[in-house]
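Here is how the chains run, residue by residue.
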Amino acid sequence: MTNHWNDIANSDCIMAIGSNCAENHPAAFAHIGIAQQRGAKLISIDPRFTRTSARADIYAPLRSGTDIAFVGGMIKYVLDDIENNPTNYNLIYITEYTNAACLINPNFKGAPELNGGFSGLNESTRSYDKSTWQYQIDESGIPKRDKTLRDQNCVFQLLKKQYARYNVDKVCQITGTPKDLYLEICKEYTATGKPGKAGTIMYAMGTTQHTCGSQNIRSYAILQLLLANIGVTGGGINALRGEHNVQGSTDMALLAHIIPGYLGVPSSKDITLKDYLTRLTPKNSDPLSANWWQNYPKYIVSLLKAWYGDAATKDNDFGFGYLPKVTGNANSTYSHIMLFESMKKGNVKGLMCWGQNPAVGGPHSNFEREAMDKLEWLVCVDLWETETAAFWKRPGTDPANIKTEVFLLPAACHYEKEGTVSNSGRWVQWRYKAANPPGDAMGDLEILNELGLKLKDLYKTDGKYADAILRLTWDNGHPASADKVLREINGYDLTTGKLVTNFVSLKDDGSTTSGNWLYCGCYNEDGNYTKRRDKTPDTFNVGLFPKWSWCWPLNRRIIYNRASVDLNGEPWDKEHPVIWWQDGKWVGDVPDGGWPPMAVDPQGTRYPFIMRNEGFARIFGMGMADGPFPEHYEPWESPVKNLMSDTQNDPVFLMGDSAKDQQGTSDKYPYIATTYRVVEHWQTGPMTRNLSWLAELQPDMFIEISEELAAEKGISNGGEAIVESARGEFKAIAIVTKRFKPLQINGKVVHEIGMPWHWGYSGLVTGPSANLLTPHVGDANTMIPEYKAFLCNMRKA
């Protein structure tokens, strides 16, 4: 989140898209209720009329996989309205704080000119050469700008050209959204662009789990920047994390392309630390750009010192050579989909699953179960015997034919261990142990600590590249101490032996340590800030609660908050200020850099978007794999042709080898399918299907279908149906409901079928997983699988 949970109450309009927060994030929804009590409007945009929709002021259906068309039309609505009613928008914000005024290489060609693609596409490698996606720079190396926004090569004009095709009629033909509802949403939400107003976008897996998931979010970002809704109270783009520590897990690098603190994973081309830093440390010549990532050397060296201690010296590149290096693109090579593709080919010997259940949760789950047949060994760390732990005895399989050795380690539930969890709003909160785990169960930290100690012991006598293990600092205590680990994450000043105050103190000379620079400051000599529970309000009483726990970075509750003020440092919204320049200093939240406002000190100031090397928020996003602007493409499987261009799918989306011969077509599979969760079950089900009092609430796998489709197929409410895709089929209970309605897509009636994915073959209640049907394809940037839009057929059982 750019903002945080409490701040949602400050919003004037909340747009929930790709999110059913009333059901899947019920505690979070309470903050929406507070906002509604003070007059805010809630907009729910979803293929299904959900519990969130029931509480919304406006509900609009859309076809799964068409977010970019929907939001692209809203972007066009804003751009057209700026021409006619410029006072309704914050043009100073757009011009001074975003890259709208920046000039782009004149050789750049966009989707309108190239019929859906962008310049630089190599169809054979399924990748883009981004050389034309760059800024024009002056003789000093600074991006050229036209603050009148009239130059035809400036981002603002390119944006207008990109979305000129996204007129209301075409958008509604693509999405299936009724035109009157669509215009009502455009009018209501874009009203938050007026200075002093704020709107927030709340999204979840309904947004991300597409071949264009990252670009869905980019479209939200562009809309929010045009409305000056980033950095302000009640604004932002707010991801609703589906678990209590998903944010913490990404911060600590449980993703293929990063190491802790969102530092890039070392590549096989990074022979030395200098090579690594040359590749990843951004350069900028503009003295007004903070270019915060220029501190990369401080963060990686402090991390290496935390990992290797005295063994990390300047002479050995601070132990950089000990780190494993990836080959190729880390995401496309080591993402979930590609790991299982490689596993099926016999290239992966062992797998460790910590609280993960790919036999149910993975796309094309039959394929992933078969891939695990090729493993030599599997370790599952979980509370119960999951489907993954029991894959070798799954229905229809002869265990004698599977040679995999399976280790099942009983784990502790989150109430049975202590340590920090980081919520969606980046608040890092200490959670105390409430009970001891049963039997031999242990917490993850204790298991990992024992494993590390044993590996170090074994490497003393055997093993290649032993120094990478033997020289690791592994002083977590015995038993392991979460408090001790958090101190290491915060980091130390090795010249004094004291905890580092914050990441501003980190150095690249080996004199500081930090296990994650973003968390530096959470634990100081005066105590563990994540344990704070002081409800003292903030200066302006806007719900920041700065003494409750600790928030990265630097306890800043709203990031990019210097964009919440004008050039003189006065808030756009004086009733709900985040920060305010008063008497020569910033007051309020921790500012995103302490520099003075732009008009107060034109030479000493810095642009507010400090994590971008040019200092501006990017409406034109040259860092994306599949285009600097979001463009509507159809999901990999779709019942209709792309009406926006002749380019049917994202040209560079991820496709596993197994998917190439398993694409469903609409002649055999005419219906759209989408997956989701229900409040009665949790993820793949082990925590709810193994507890009788929860399992009984929702015992059977079911699908939801419209009354019209049910009548067409002769299926009654509560009857059984068989659903199939190009990858598999299953039988389920049919719920016939008004929550789904047939959609009119360019004059064609299109039906959508909904299905939760919580069931499997283990537990007190069992059933088929919806992921028997989902495809092995993913987003071009993150490689997240496309669970939310694929084709299926259905018949009465």
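Relevant structure appears above.
Overview of the structure.

Parameters and conventions
- Residues numbered from 1 in each chain as written.
- Predicted model: local features only at pLDDT ≥ 70, side-chain atom pairs only at ≥ 80, totals over all residues.
- Heavy atoms only, no water.
- Pairing = 2+ DSSP bridges.
- Helix = DSSP H or I, 4+ residues; strand = E, 2+ residues; numbered from the N terminus.
- Buried < 20%, exposed > 50% of the residue type's maximum accessible area, 1.4 Å probe, protein only.
- Contact = heavy atoms within 4.5 Å.
- Patch = residues over 30% accessible without salt bridge, like charges linked within 9 Å, V, L, I, M, F, W, Y side chains within 5 Å.
- Areas by Shrake-Rupley, 256 points an atom, 1.4 Å probe, with all protein chains shown as cover.
- Salt bridge = Lys/Arg side-chain N within 4 Å of Asp/Glu carboxyl O.
- Phe/Tyr/Trp six-rings, centres within 6.5 Å; stacked < 30°, edge-to-face > 60°.
- Lys NZ or Arg CZ within 6 Å of the ring centre and 35° of its normal.

1. Notes on the sheet that holds strand β13 (residues 419-422)
Here comes step 1: Read from one edge of the open sheet, 3 strands run β13-β14-β19, paired in antiparallel fashion. Looking at which strands have only one partner, the edges of the open sheet turn out to be β13 and β19 (550-551).
Here comes step 2: In the sheet, strand β14 (residues 427-431) pairs with β19 via 2 bridges, with the strands oriented antiparallel. The residue bridging Trp 427 from the neighbouring strand is Cys 551, located in β19.

2. As for helix α16 (residues 336-344)
Here comes step 1: Along α16, the positions that sit buried rather than exposed are Ile 337, Met 338, Phe 340, Glu 341 and Met 343.
Here comes step 2: Residues of α16 that are buried make contact with α15 (330-334), β10 (350-354), α17 (358-361), α18 (365-372), β22 (654-655) and β30 (777-778).
Here comes step 3: Backbone geometry just downstream of α16 places Gly 346 in the positive-phi region, at approximately 85°.

3. A short note on a nonpolar patch on the surface
Here comes step 1: Nonpolar side chains collect at one region of the surface, where Met 352, Trp 377, Phe 407, Leu 409, Leu 448, Leu 451, Leu 455 and Leu 458 lie side by side and expose about 640 Å² of accessible area between them.
Here comes step 2: Elements supplying a minimum of two residues to the nonpolar patch: β12 (405-410) and α19 (444-459).
Here comes step 3: The leading source of residues in the nonpolar patch is α19, at 4 residues.
Here comes step 4: When you line up the elements, Trp 377 lands in strand β11 (residues 377-382).

4. Section: the packing of aromatic side chains
Here comes step 1: One pass over the structure, following the stated rule, counts 27 aromatic pairs.
Here comes step 2: With a centroid separation of 4.8 Å and an interplanar angle of 85°, the aromatic rings of Phe 70 and Tyr 182 are classed as edge-to-face. Of this pair, Phe 70 sits in helix α4 (residues 67-84) while Tyr 182 sits in helix α9 (residues 179-190), placing them 112 residues apart in sequence. Considered together, Phe 70 and Tyr 182 belong to a single accessibility category, that of buried residues.
Here comes step 3: Between Trp 292 and Trp 595 the ring centres are 6.5 Å apart and the planes differ by 70°, which places this aromatic pair in the edge-to-face class. In this pair, Trp 292 is assigned in the loop between α13 (273-280) and α14 (296-308) and Trp 595 in the loop between β21 (585-588) and β22, connecting sequence segments 303 residues apart.
Here comes step 4: Taking relative accessible area as the criterion, Trp 292 reaches 17% and is therefore assigned buried.
Here comes step 5: We note Arg 677 situated over the ring of Trp 682; from NZ or CZ to the ring centre the distance is 5.2 Å.

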